[in-house]
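What the coordinates show
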Amino acid sequence: MMRRWREFQPWQTNGALVVLGLLLIRFTLQLVKENEHYMIGGDHVSAGSLAVYLGALLILVLRPANVNRYTFWIIVGFAVACRLALLFPEPFLSSDVYRYAWDGVVQHAGINPYRYVPGDKVLTFLRAPNQDLFDNMNRRDYAHTIYPPMAQIVFYLVTWINGSVTMMKLAMVLFEGLTLGGLWLLLREFGVRREWLLAYAWFPLVIWEFGGSGHVDSVVMAFMVFALLFRYRQQPVLTGLFLGLAVLTKFYPLVLFPALWRRGDWKMPATMAALAVATYGLYLSVGKAVFGFFGGYVQEEGMATGTRYFLLDLAQHVPGLHGLGNGAFIVFAGLVLGGITLWCWVKATPLDAPRSAFLRPAFALAFALMLLFSPHYPWYIAWLLPFVVLVPNMTVMAYLVATFYLRTTALAAGSGLPEYHLNEILYGFTALVAVAEIALRRLAATRGWFHRIMPLGVV
């Protein structure tokens, strides 16, 4: 008779993870081959990678205690190996990393990176030594850099070591290491085994977008996770410092402020304000141009007209709502985020609130922003993954998995009818999983079973 899973030994769990880890590396290497020569298609590679990831995750969910001291290092070892497999090939899913390195090079030449577009004749002398960077940049002839000052400081420091794209990608992977370190500290505080970090470390989305494309969102997540850690430890200055660093790398973590702030605390917002003044002060020689291409990006991405927002597009397909405008959607989005903010003030901000009370409202704000914003770049949603590690949630995991896969299919056009159909599938699937999760958590017949297989994270 086949032995039941609960009777398996840790070495058998480790063996299963080794097999799955080898398969994950195989699919990661296949991703590089897809760029060089079309063989099986990117959607097949993403589907295989997700199958491996979800299989490994299921092992830890079903028997979280069925591990030993080697399990964690197996998880870390394969996570590192997958990123190394993508580190040296040229990025091909996105060209943003070329601009990161270019901005660093420009600063080392003593020039404010917000002053000129890369194609300006003034910067001609930088092209020959950095031809690879210049040739592969997007928007090089019309867009000033969009990245806020903390991102620019990171670019400067990385290119001080080496101005190559490989070094920039390596730096983003090292920031992932900081993210994992911060998550490990939080999991230890919650009494959760460190092996649960697999939920982040093996997710193909972060392997592809940070190991392969080197997106600066890796820096955002590292700072954000430490902001969560210090908020849990009730250290307002450090909370404000790290949340400020995240916001000044990319603006979107600002939405977390209502959840991380504690009522009556002035130190956290004061620290964030001081950090903003200090970092923007480094680049203020260009005046209001310090905000770079932000306004142009808002126009280019359809945020000013509303064409970016799937929920608005969906509403306009309802009879009688065809003329619904962007202003109405912005009001709706404000009401949604305002309602969650009110929940934050009631649940998380009182000084006598439980230390972990802020986590779920912060998670809700982050997820609501993504649903309202409907980003069509997969790396934009990666910052939800640390929350899933800390507060496991089937609905958000389904959203992350579906977004990653759908963005590798022919529907991922970024605009038009294919984009609309992609979002129909994504939002519909996420809604179905949300209904299923609510039912599993509430129905008497499944409530106990569901909580037994989802024992991880903060209650």
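Scroll up to find the structure this text is about.
The sections below set out a description of the structure shown in this document. Small disclaimer: the values here were computed from a predicted structure and weren't measured. (Residues numbered from 1 in each chain as written. Predicted model: local features only at pLDDT ≥ 70, side-chain atom pairs only at ≥ 80, totals over all residues. Heavy atoms only, no water.)

**Structural notes on unusual backbone geometry**
With a phi close to 60 degrees, Arg-139 is a non-glycine residue in the positive phi region. Of note, Arg-139 is situated in the loop between α5 (131-136) and α6 (149-161). With a phi close to 60 degrees, Gln-234 is a non-glycine residue in the positive phi region. Looking at where Gln-234 falls in the secondary structure, it is placed in the loop between α10 (217-232) and α11 (236-247). (Helix = DSSP H or I, 4+ residues; strand = E, 2+ residues; numbered from the N terminus.)

**Quick notes on the environment of Pro-149**
Assignment of secondary structure puts Pro-149 in helix α6. For the pair Pro-149 and Ser-356, spaced 207 residues apart in sequence, the C-alpha to C-alpha distance is 31 Å. Beyond its immediate chain neighbours, meaning those up to four positions away, Pro-149 contacts Tyr-114, Leu-248, Thr-279, Tyr-280 and Tyr-283. (Contact = heavy atoms within 4.5 Å.)

**Side note on the packing of helix α4 (residues 96-108) against helix α7 (residues 165-190)**
Here α4 crosses α7 at 100 degrees, and the two axes come no closer than 9 Å. With respect to each other, α4 and α7 are oriented roughly perpendicular. Between α4, through Val-97, Tyr-98, Tyr-100 and Ala-101, and α7, the contact on the second element is made entirely by Val-165, Met-168, Lys-169 and Met-172. Classifying every residue of the contact of α4 with α7 gives seven nonpolar, no polar and one charged. (Axes fitted to C-alpha atoms, helices over the stretch in contact; angles between N-to-C directions. Parallel < 35°, antiparallel > 145°, perpendicular 65-115°, else oblique. Nonpolar A, V, L, I, M, F, W, Y, C, P; charged D, E, K, R; others polar.)

**Some remarks on α11**
With 12 residues, α11 should reach 16 Å at 1.5 Å per residue; the first-to-last C-alpha distance of 16 Å fits that figure. Among the residues of α11, Thr-239, Gly-240, Phe-242, Leu-243, Gly-244, Leu-245, Ala-246 and Val-247 are the ones counted as buried. Check the buried side of α11 and you find it contacts α6, α10, α12 (257-260) and α13 (267-281). (Expected span 1.5 Å × (residues − 1). Buried < 20%, exposed > 50% of the residue type's maximum accessible area, 1.4 Å probe, protein only.)

**Re the side chain of Thr-145**
Relative to the helices and strands, Thr-145 is located in the loop between α5 and α6. At a separation of 3.2 Å, a polar atom in the side chain of Thr-145 contacts the side chain of Gln-152. Dropping the residues within four chain positions of it, Thr-145 is found in contact with Arg-99, Asp-103, Pro-113, Tyr-114, Gln-152, Gly-292 and Phe-293. (Polar contact = N/O pair within 3.5 Å; in protein donor to acceptor, adjacent residues only side chain to side chain.)

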